[in-house]
Amino acid sequence: MAIRKDKIVFFEQRLVDFFRKAGREHLPWRKPRKASPRGKKNSTAYEVWVSEIMLQQTQVSRVIGYYTRFLKRFPDVGSLAQASWEEFLPYYEGLGYYARGRNMLKTAKVLTEQYAGIFPRDKKLLQTLPGIGPYTASAILSFAYGDNHLAWDTNLKRVLGRFFFGGKQLIGDEVFWEDKFQTPKKVLNAALMDFGSAVCVARPKCGICPLSARCVYYREKGSGEQSTANKKQLTKNNQQALVSKKQKIDWREAQAYVFLHEHHTIYYSSDANKFQPFILPSGYTTRAGIKQYFQEKYGLSLSVRPPHQKMIISGGPILLVNAQILRGSPCFEIFHKKDVKWYTISK
Ligand code: SF4
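Predicted model only: the values in this text are computed from it and were never measured.

A tally of regular secondary structure across the protein chain gives 15 helices and 7 strands. The buried share among the 347 residues of the protein chain stands at 28%. In the protein chain, of all internal contacts separated by at least 6 residues, the share reaching a separation of at least 24 is 63%.

Attention now goes to the environment of Gln13. Here Gln13 shows up in helix α1 (residues 5–22). For Gln13, a count of 13 C-beta atoms within 10 Å gives the class partly exposed. Note: C-alpha distance between Gln13 and Leu211 (198 residues apart in sequence) is 9.5 Å.

Taken together, 14 residues sit near the ligand, with Cys200, Pro204, Cys206, Cys209 and Cys215 positioned nearest. Contributing elements (two or more residues each) for the shell around the ligand: α9 (154–165) and α12 (216–219). Broken down by element, the residue count for the shell around the ligand peaks at 3 residues, all from α9. Residues belonging to the shell around the ligand are distributed by class as follows: 11 nonpolar, 1 polar and 2 charged.

Contact geometry for α9 and helix α11 (residues 185–198): axes closest at 9 Å, N-to-C directions at 80°. Classified by the angle between their axes, α9 and α11 sit roughly perpendicular to one another. Here Asn155, Leu156, Arg158 and Val159 of α9 lie close against α11, whose contacting residues are Leu192, Met193, Phe195, Gly196 and Ser197. The residue makeup of the contact of α9 with α11, split by class, is 5 nonpolar, 3 polar and 1 charged.

Ranked by size, the top nonpolar core spans 53 residues in total, and within it Val48, Trp49, Ile140, Phe163 and Leu192 carry the most contacts. Residue assignment for this core shows that the elements contributing at least two residues are α1, α2 (45–55), α3 (60–73), α4 (77–81), α6 (98–114), α8 (134–145), α9 and α11. For this core, the leading source of residues is α2, giving 7 residues. Apart from residues lying up to four places away in sequence, Val48 is in contact with Trp29, Ser43, Ala139, Ile140, Phe143 and Ala144. Listed in part, the 18 residues of the second largest apolar core include Leu300, Ile318, Leu319 and Ala323.

Let us look at helix α14 (residues 287–298). Helix length check: α14, at 12 residues, gives a terminal C-alpha distance of 16 Å against a target of 16 Å (1.5 Å per residue), a fit within 8%. Among all positions of α14, only Ile290, Phe294 and Tyr298 are buried. Along the axis of α14, the buried positions cluster into a sector of 30°, meaning they face one direction only. Away from its buried face, by an angle of more than 90 degrees, α14 presents the exposed residues Ala288 and Glu296. After α14 finishes, the residue Gly299 shows a positive phi value of roughly 70°.

Okay, the confidence of the model for the protein chain next. For the protein chain, per-residue confidence averages 82 on the pLDDT scale, and residues scoring 70 or more make up 80% of the total. Within the model, pLDDT remains below 50 along residues 233–246, and this stretch shows 11 contacts once partners closer than five positions in the same chain are excluded.

What follows is about the packing of α8 against α11. Where α8 contacts α11, the two axes come as close as 8 Å, and the packing angle between them is 120°. Taken together, the axes of α8 and α11 lie oblique to each other. Judged by the sense of rotation from one axis to the other, the crossing of α8 with α11 is left-handed. Facing α8, whose interface residues are Ala139, Ser142 and Phe143, α11 presents Lys185, Lys186 and Asn189. Grouping the constituent residues of the contact of α8 with α11 by class yields 2 nonpolar, 2 polar and 2 charged.

Scoring rules and cut-offs
- Residues numbered from 1 in each chain as written.
- Predicted model: local features only at pLDDT ≥ 70, side-chain atom pairs only at ≥ 80, totals over all residues.
- Helix = DSSP H or I, 4+ residues; strand = E, 2+ residues; numbered from the N terminus.
- Buried ≥ 20, exposed ≤ 12 C-beta atoms within 10 Å, placed from the backbone.
- Contact = placed C-beta atoms within 7 Å.
- Near = placed C-beta within 6 Å.
- Nonpolar A, V, L, I, M, F, W, Y, C, P; charged D, E, K, R; others polar.
- Axes fitted to C-alpha atoms, helices over the stretch in contact; angles between N-to-C directions.
- Parallel < 35°, antiparallel > 145°, perpendicular 65-115°, else oblique.
- Core = buried A, V, L, I, M, F, W, Y, C linked by C-beta atoms within 7 Å.
- Expected span 1.5 Å × (residues − 1).
- Arc of directions from axis to C-beta.
- pLDDT = per-residue confidence, 0-100.
- Left-handed = near helix turned anticlockwise from the far one by under 90°.

Next comes the structure, spelled out in structure tokens:
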């Protein structure tokens, strides 16, 4: 499908204009700590990498404090490569997803041993480093080195898909789109990230959008995306047997699968190899019921947040529940007293 050049120009101009007025230039990883010898003010590859790893599945507002503390303690690849897990952990603990942290240490060591502490300016080589995928590699190359790579993630695809195709299937891959845009990718990526998290969000704010005049999604009132979403939902329904609201299921008969965590460390019961969540007998399916079960059985105070995800699997309905152990609540001591095997997989 041909995409009109004037439409691409319109898209870029409006987006960059939005970025100049409302971009999040205050974010610490967008403000390099020192200018490079050539006077340029790009963030370093190390700064981009640390921020991108921390931002994976963690909110921007939460990452800011962690990032600043981390960079003070580990200002470069060399200092990080020398750190043990115990030294590293206090500056990472609380972000969750500890596999990411372990990969950071591994990557720092590989960089020191094989690349003289410098991130290679090559997308394929970057992707051989632990925890670096195509998106992070593109972010490093565009933000730190000014290279022509789009940070191809869900946000970016949603914005492009809506504006050019009304939310229907987005044609082309990142290489196709990288060639279409003339704006430096460092600017375009940051603009798309900010626009996708402030305006063209899951429920888009089309009424205040500077792109609406030529947006297909806006013109079609979102009908394209709805039908695609519906199709996806149908597939999901078939695959996972998610339950439609119309089906008559007695959820009081369900079993609750509880994913229990404290400070983002997840605890599992029974078989360590299978990492089972806690499976409660049927009847403990309300928030109050689940709280009561753990209080009575283990003396744990929990915060149980709705909504639970409802599923049907062979054997009957189940609820998937996330519950947090509240501060001050006894943890391992109680578990051991009760002779229950508890395992952590997050650390
Ligand atoms: S008009 Fe709406 S859908 Fe289109 S780009 Fe703007 S916010 Fe997104």
